[in-house]
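Examining the three-dimensional arrangement
Each chain, letter by letter, is given below.
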Amino acid sequence: MLAAQLWTENADVVAEVLANPFVRGIGDGSLDRNLFAGYIAQDAFFLESFARAYGLALARSSDTATLLTFADLLAGVREELGLHASYAASWGIEMAGVEPAPATLAYTEFLLATAATSDIGVVCAAMTPCMRLYAHVGRSLDAGTAGPYAEWVQTYADPGFEEVAALLERLLDQHADDVDAARVAYGRAMRLELAFFDAALKPGS
């Protein structure tokens, strides 16, 4: 299937993400607390745009099953935002009026432009890397994770999150008629994910 093929084609980016110092710092608990707090604020901004992209795709769905699936996916983003709100409350992270970093804006603008102008299959290709990559990171870190970031890892290692990622992949497989455009969107999103983690180590970049 196309989703599995695209994931395999981007294995080099996946390896770079897992080797990223920010991701490794989450896994072993050594990541600076302030860097994680900044990441949470940026990711909350990103997730709101991700939800809007789902909303655009939902509105343009051509069949009931696809519409309802996008509604389920949108509900999943709400749960992620709940995790971020929990961190904000317990760690004193200021979430109001977050100024998006350039890497955050690059990703959100790409997603929203794609969701507003592209076919549903290409939209799914642009959104799938976020879900699949986080599920993979969560599972990869889960076994050895303890300390301050265990809740974050457990959220993305949870089988329920894997199921949500698989939902989006099924939509990608179902709707991606333009394989070349889907491949470009998927690869672009993967690179933007890596850039997002890189930027988390350098606040403001």
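Going by what an unreviewed UniProt entry lists, the chain is known as TenA family transcriptional regulator and is assigned to Mycolicibacterium holsaticum. As recorded by UniProt, the Pathway (unreviewed entry) comment attached to the chain reads in full: "Cofactor biosynthesis; thiamine diphosphate biosynthesis."

This part is about helix 4 (residues 33-59). The terminal C-alpha atoms of helix 4 lie 39 Å apart, and with 27 residues this matches the ideal 39 Å at 1.5 Å per residue to within 8%. At the N-terminal end of helix 4, a side-chain oxygen is found 2.8 Å from the backbone nitrogen of Asn 34, two or three residues along, and the residue is Asp 32.

Right, let's talk about the state of the cysteines for a bit. Inspection of every chain in the model, using the stated rule, returns zero disulfides. Between Cys 124, a free cysteine, and Cys 130, which holds the nearest cysteine sulfur, the sulfur-to-sulfur gap is 13 Å.

Let's shift gears to the layout of surface pockets. Reported here for the largest pocket is a volume of approximately 170 Å³. Contributing to the lining of the largest pocket are Tyr 54, Leu 73, Gly 76, Val 77, Glu 79, Glu 80, Leu 83, Met 131, Thr 155, Gly 160, Phe 161 and Val 164. Contributing elements (two or more residues each) for the lining of the largest pocket: helix 5 (64-91) and helix 9 (159-175). Counting residues per element, the lining of the largest pocket draws most heavily on helix 5, at six residues. Of the residues contributing to the lining of the largest pocket, the split by class is seven nonpolar, three polar and two charged.

Under the criterion given, the structure shown has seven salt bridges. Put simply, Arg 132, Arg 139, Glu 162 and Glu 169 are held in one network by salt bridges that share partners.

The subject of this paragraph is empty space enclosed by the protein. The final tally for this structure, using the stated rule, is one cavity of 30 Å³ or more. Computed from the structure, the largest cavity encloses a volume of approximately 30 Å³. As for the largest cavity, its lining consists of Asp 119, Gly 121, Val 122, His 175, Ala 176, Asp 177, Asp 178 and Ala 182.

Procedures and definitions
Residues numbered from 1 in each chain as written. Predicted model: local features only at pLDDT ≥ 70, side-chain atom pairs only at ≥ 80, totals over all residues. Heavy atoms only, no water. UniProt positions renumbered as here; feature names shortened; annotations may be inferred. Helix = DSSP H or I, 4+ residues; strand = E, 2+ residues; numbered from the N terminus. Expected span 1.5 Å × (residues − 1). Polar contact = N/O pair within 3.5 Å; in protein donor to acceptor, adjacent residues only side chain to side chain. Disulfide = S-S within 2.5 Å. 1 Å grid on protein atoms, 1.4 Å probe; cavity = no way out; pocket = protein on both sides within 12 Å on 5 of 7 lines; lining within 4 Å. Points joined across faces, edges and corners; volume = space filled by probe spheres on them. Nonpolar A, V, L, I, M, F, W, Y, C, P; charged D, E, K, R; others polar. Salt bridge = Lys/Arg side-chain N within 4 Å of Asp/Glu carboxyl O.

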